2 protein chains.
Amino acid sequence: MNFSAKTEYAVLALLYLTCHGQDGPVTVHKMAEELDIPYRFLEQIVSLLKRAGLVHSVRGSHGGYLLAREPRQITFGEILVLTEGPVAPWACVSGDDHFACSFEPTCAVRGVWQQVQRSIYQILNNTTLQDLCDKTKAVRHRVVTISNPVHEEPAAVAAQPIQIEEAVE
Amino acid sequence: MNFSAKTEYAVLALLYLTCHGQDGPVTVHKMAEELDIPYRFLEQIVSLLKRAGLVHSVRGSHGGYLLAREPRQITFGEILVLTEGPVAPWACVSGDDHFACSFEPTCAVRGVWQQVQRSIYQILNNTTLQDLCDKTKAVRHRVVTISNPVHEEPAAVAAQPIQIEEAVE
DNA sequence: CGCTAATCCGATCGAAATAGTAGGGATTAT
DNA sequence: ATAATCCCTACTATTTCGATCGGATTAGCG
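Keep in mind it's a predicted model, so treat the numbers as computed, not measured.

Engineer: Explanation requested: the overall build of chain A in the structure shown.
Structural biologist: In terms of helices and strands, chain A carries eight helices and two strands. When the helices and strands of chain A are read in sequence order from the N terminus, they spell out α-α-α-β-β-α-α-α-α-α. Here chain A holds 169 residues, and the buried ones make up 43% of them. By sequence separation, contacts in chain A at least 24 residues apart represent 62% of the contacts at least 6 residues apart.

Engineer: What should I look at first to understand the protein's contact with DNA strand D in this one?
Structural biologist: Residues in contact with DNA strand D amount to 26 residues; listed here are only the nearest, Ser57 and Tyr65 of chain A together with Arg40, Gln44 and Arg59 of chain B. Between tyrosine 65 of chain A and DNA strand D, the recorded distance is 2.6 Å, taken from a side-chain N or O atom to a phosphate oxygen. Between DNA strand D and tyrosine 9 of chain B, the relevant distance is 3.3 Å, taken from a phosphate oxygen to a side-chain nitrogen or oxygen of the residue. Of all the elements, helix α3 (residues 39–51) of chain A adds the most residues to the surface near DNA strand D, at four residues. Considering only residue class, the surface near DNA strand D consists of seven nonpolar, twelve polar and seven charged.

Engineer: Which parts of the structure should I look at to understand the packing of helix α1 (residues 5–20) of chain A against α3 of chain A?
Structural biologist: A packed helix pair is summarised by two numbers, namely the angle formed by the two axes and the spacing between the axes. Residue and element names in this part refer to chain A. In contact at an axis separation of 10 Å, α1 and α3 are set at 70 degrees when each is read in the N-to-C sense. Considered as vectors, α1 and α3 are oriented roughly perpendicular to each other. Residue-level contacts link Lys6, Tyr9, Ala10, Ala13 and Leu14 of α1 to Phe41, Leu42, Ile45, Leu48 and Leu49 of α3.

Engineer: What's the story with the protein's contact with DNA strand C in this structure? I'm lost.
Structural biologist: Around DNA strand C, the surrounding shell holds 24 residues, and the nearest of these are Arg40 and Gln44 of chain A together with Glu43, Ser57 and Tyr65 of chain B. Atoms of DNA strand C within 4 Å of the protein belong to the sugar or the phosphate in 60% of instances, the rest to bases. Listed by contribution, the elements that provide at least two residues to the surface near DNA strand C are α1 and α3 of chain A together with α3 (39–51), β1 (55–58) and β2 (64–67) of chain B. Sorting elements by how many residues they give to the surface near DNA strand C places α3 of chain B first, with four residues.

Engineer: Which parts of the structure should I look at to understand the packing of aromatic side chains?
Structural biologist: How two aromatic rings sit relative to each other is given by the distance of their centres and the angle of their planes. Inspection of the entire model under this criterion finds six aromatic pairs over all chains. Between phenylalanine 3 of chain A and tryptophan 113 of chain B, the aromatic rings sit 5.0 Å apart at their centres with planes inclined by 45 degrees, giving tilted as the arrangement. One end of the pair, phenylalanine 3 of chain A, is in the segment before α1; the other, tryptophan 113 of chain B, is in helix α5 (residues 109–124), on a second chain. For the pair phenylalanine 3 of chain A and tryptophan 113 of chain B, a shared accessibility class is recorded, and that class is buried. Taken together, the ring pairs connect Phe3 and Phe76 of chain A together with Trp113 of chain B into an aromatic cluster.

Calculation rules
- Residues numbered from 1 in each chain as written.
- Chains lettered and ligands numbered in written order.
- Predicted model: local features only at pLDDT ≥ 70, side-chain atom pairs only at ≥ 80, totals over all residues.
- Heavy atoms only, no water.
- Helix = DSSP H or I, 4+ residues; strand = E, 2+ residues; numbered from the N terminus.
- Buried < 20%, exposed > 50% of the residue type's maximum accessible area, 1.4 Å probe, protein only.
- Contact = heavy atoms within 4.5 Å.
- Near = heavy atom within 4 Å.
- Polar contact = N/O pair within 3.5 Å; in protein donor to acceptor, adjacent residues only side chain to side chain.
- Nonpolar A, V, L, I, M, F, W, Y, C, P; charged D, E, K, R; others polar.
- Axes fitted to C-alpha atoms, helices over the stretch in contact; angles between N-to-C directions.
- Parallel < 35°, antiparallel > 145°, perpendicular 65-115°, else oblique.
- Phe/Tyr/Trp six-rings, centres within 6.5 Å; stacked < 30°, edge-to-face > 60°.

Here you go:
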């Protein structure tokens, strides 16, 4: 069981907008490069996010994308439902149309799927982009302070954003 | 996000063996018919279950399949890992080989996937076939007693609904 | 032995989903 | 006007899913 690349990319892009979208719109080109995502593919995904009302777009030169809402108002669950569809480990717990499998209503398996479904939503609906951004910074800070004792200047490291590249390459 | 038909079929077949495999091996043919699963497909799945040591087989005429262990010793989690692969909503939480994504170690997203993973396993590893079988019977009993007030003859209605086995056979 | 009922095993196949690729059009700042 | 940008639609390659097929092996039974 795993989630698709689409979901990863959507999350990363939104997280990028949360952490780096304070001053003006961010272009798809920029995000694609920073996050190492195929440009055209990311374009599609961001377009989806726009249609869903998670981001605003600014067209024309110097355009780009911005979060449409407060980062604290956008949950992981919402993003995931958008890119993956509803979290329904099994059709019989999909909800909207009451999909009756042959065992209903005695099927106890259904109850297990429902439990799983609820516990996933419990986590995802209570995790916002703001949380993620905060945590990313906190973790990075901890890593930095661990790997950089105080007598070394932190500014140099702090100036480097998110460094996708340097750690790996 | 959903689980595959393979998983459903595996669970249903094992549940069938749990509830109806007390006296002698059960054939794939029988299960396929009872559970309304394509015979050839179920054959493959049961074969997988055998290789994984969840069931025993008896070859030749009058052969079939039996649970290899106590139903209380077989968890949902084990079945699911077998048919779906490890529950790793994202590669970076797959565990065994430490798959370093480009954001490590500052990526907070990873933590969310880990939370999700843990909560799923929490449920699935604590649900056994025995639990499921018990619950199925309990629900069926409750449904019958609810839908049949005492002053109406229960026998007539009880013969009618639900139950996989008695009605079908 | 030979028939039959079953498990076993590997190959294949069509449809759908996934992960992109590509081309061009619309909009706007400069 | 032009360049930068979003926007939209179609196409393609690969993988996964769900299932099917042909046949080989094993065992019970008359």
